[in-house]
Amino acid sequence: MNEGPIGIFDSGVGGTSIWKEIRKLIPNEDTIFLADSKNAPYGEKSQDEILSLSIKNTELLLQMGCKLIVVACNTATTNAIKYLRSNYQVPFIGIEPAIKPAALKSASKTIGVLATRGTLSSSLFHSTSEIHANGITIIEQEGTGLVQRIEQGEAHSDEVRNLLMKFIEPMLRKGIDHLVLGCTHYPYLIPVLRELLPEHVTLIDSGEAVARQTKSVLEQGVLRNRTDAKGVYRFYTNADVAILDTFLTDVNVPIETSFLEF
């Protein structure tokens, strides 16, 4: 199993931000990425729909021989990972909004969380918030419309800029000094957010932490690929391959991108 690939899935292309951190940390591991763009965004679907889609993606990755699966989607993690861990034998790495580091570092004791409705309404999100938010005010904001526009390659459009201003202004008025990006699509908005946010507001996402956890779980389970060769990186989308390619233009290693009906 240690020569099998790491499987990664997301409700679209946003999880490529997680893949980049994983490749940076463990470049000798083969990876298979599923971009379920046809069904994006998961954050506006029911819990049953999210679970069904997560099962579909998991079983496809297992058919492809994956030894570990990264659920590179906050909504799928918060709504489905408990079921996945209980019903499949491979390890799963999930992604939750990074509330803990934001809460620990906040001087104003007020942090913002920008996420999808599916994440913000989940029981896992609320239990995590309660654990780490002792004495901290959390301002939740649903990023309605952002995932769809990122999926269309419009992350830097005026429309996205206007949406972000609408979302962050109420949080700024309430004194946030950290903004947690609670969706793997949102790191692609960081250049625009840095322009819009005051310098004292720190942006936090989960990418590096997920990569470190992935490496740790592989090592604990003796699943690390011990070869020195660079990994083989395969990406599949059930929508427009050209859109997926635009999110990988900064990758300076050979990759394979293909359309796959799933």
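First things first, this report covers the structure right here in the doc. Computed from a prediction, not measured in an experiment: that's the story for all the values here.

## Details of the overall build of the protein chain
Consideration 1: Helix and strand content of the protein chain: eleven helices and ten strands.
Consideration 2: Taken over C-alpha atoms, the radius of gyration comes to 18 Å for the protein chain, in line with the 18 Å a tight globule of 262 residues would show.
Consideration 3: Seen along its three principal axes, the alpha-carbon backbone of the protein chain occupies a region of about 50 × 35 × 35 Å.
Consideration 4: Across the protein chain, contacts joining residues at least 24 apart in sequence account for 75% of those joining residues at least 6 apart.

## As for the sheet that holds strand 10 (residues 256-259)
Consideration 1: Reading across from one edge, 4-3-1-2-9-10 is the order of the six strands in this open sheet, with parallel pairing throughout. Of all strands in the sheet, those with a lone pairing partner are strand 4 (92-93) and strand 10, marking the two edges.
Consideration 2: In this structure, strand 1 (residues 6-10) lies alongside strand 3 (residues 68-71), joined through four bridges in parallel fashion. Across the sheet, residue Phe-9 finds its bridge partner in strand 3, namely Val-71.
Consideration 3: This element, helix 1 (residues 16-25), spans strand 1, strand 2 (31-35), strand 3 and strand 9 (233-237) of the sheet and lies at about 175° to strand 9.
Consideration 4: Docked against the sheet, helix 2 (residues 47-63) engages strand 1, strand 2, strand 3 and strand 4, running at close to 155° with respect to strand 1.

## As for the pairing of strand 10
Consideration 1: For strand 9 and strand 10, the ladder comprises four bridges, and the chain directions are parallel. Opposite Phe-235, over in strand 10, you have Thr-257 as the bridge partner.
Consideration 2: Following the chain from strand 9 across helix 11 (residues 241-246) to the adjacent parallel strand 10, one finds a crossover that is right-handed.

## Side note on the packing of helix 1 against helix 10 (residues 207-220)
Consideration 1: Packing of helix 1 against helix 10 brings their axes to within 8 Å, and their N-to-C directions diverge by 50°. Classed by the angle they form, the pair helix 1 and helix 10 counts as oblique. Here helix 1 runs over helix 10; the crossing is right-handed. Side by side, helix 1 and helix 10 meet where Ile-18, Glu-21, Ile-22 and Leu-25 of the first sit next to Gly-207, Glu-208, Val-210, Ala-211, Arg-212, Thr-214 and Lys-215 of the second.

## Thoughts on the packing of helix 2 against helix 3 (residues 74-87)
Consideration 1: One way to put it is that helix 2 packs onto helix 3 with a least axis distance of 9 Å and a crossing angle of 65°. As summarised for this structure, helix 2 and helix 3 are arranged roughly perpendicular, according to the angle between their axes. Remark: the crossing between helix 2 and helix 3 carries right-handed chirality. In contact with Gln-47, Ile-50, Leu-51, Ser-54, Ile-55 and Thr-58 of helix 2, helix 3 contributes Thr-75, Ala-76, Asn-79, Ala-80, Tyr-83 and Leu-84.
Consideration 2: Looking at side-chain class alone, the contact of helix 2 with helix 3 contains seven nonpolar, five polar and no charged residues.

## Here we look at the environment of Ile-190
Consideration 1: Structurally, the position occupied by Ile-190 is in helix 9 (residues 190-196).
Consideration 2: On the basis of relative accessible area, Ile-190 is assigned to the buried category, the value being 16%.
Consideration 3: For the pair Ile-190 and Asp-205, spaced 15 residues apart in sequence, the C-alpha separation works out to 9.9 Å.

## Let's talk about helix 6 (residues 123-132)
Consideration 1: Those residues of helix 6 that fall on the buried side of the exposure criterion are Phe-125, Thr-128 and Ser-129. Seen from one end, helix 6 has its buried residues packed into an arc of 100°, which puts them on one side. Facing away from the buried side of helix 6, by more than 90 degrees, are the exposed residues Ser-123, Glu-130 and Ile-131.
Consideration 2: Packing partners of the buried residues in helix 6 comprise helix 3, helix 4 (99-105), strand 5 (110-115), helix 5 (117-120) and strand 6 (137-142).

## Topic: helix 8 (residues 158-173)
Consideration 1: Its 16 residues place the ends of helix 8 22 Å apart at the C-alpha level, agreeing with the 22 Å of an ideal helix rising 1.5 Å per residue.
Consideration 2: Considering bend angle alone, the principal kink of helix 8 is centred on Phe-167 and spans about 25°; proline Pro-170 follows within four residues of it.
Consideration 3: Buried within helix 8 we find Val-160, Leu-163, Leu-164, Phe-167, Ile-168 and Met-171.
Consideration 4: Contacts made by the buried residues of helix 8 are with strand 5, strand 6, helix 7 (146-151), strand 7 (178-182) and helix 9.
Consideration 5: Backbone geometry just after helix 8 places Gly-175 at a positive phi near 90°.

Conventions used here
- Residues numbered from 1 in each chain as written.
- Predicted model: local features only at pLDDT ≥ 70, side-chain atom pairs only at ≥ 80, totals over all residues.
- Heavy atoms only, no water.
- Helix = DSSP H or I, 4+ residues; strand = E, 2+ residues; numbered from the N terminus.
- Rg over C-alpha atoms; globule rule 2.2 N^0.38 Å.
- Contact = heavy atoms within 4.5 Å.
- Pairing = 2+ DSSP bridges.
- Axes fitted to C-alpha atoms, helices over the stretch in contact; angles between N-to-C directions.
- Right-handed = clockwise from strand over helix to strand, strands pointing away.
- Parallel < 35°, antiparallel > 145°, perpendicular 65-115°, else oblique.
- Left-handed = near helix turned anticlockwise from the far one by under 90°.
- Nonpolar A, V, L, I, M, F, W, Y, C, P; charged D, E, K, R; others polar.
- Buried < 20%, exposed > 50% of the residue type's maximum accessible area, 1.4 Å probe, protein only.
- Arc of directions from axis to C-beta.
- Expected span 1.5 Å × (residues − 1).
- Bend = angle between axes of the 7 residues up to and from the residue.

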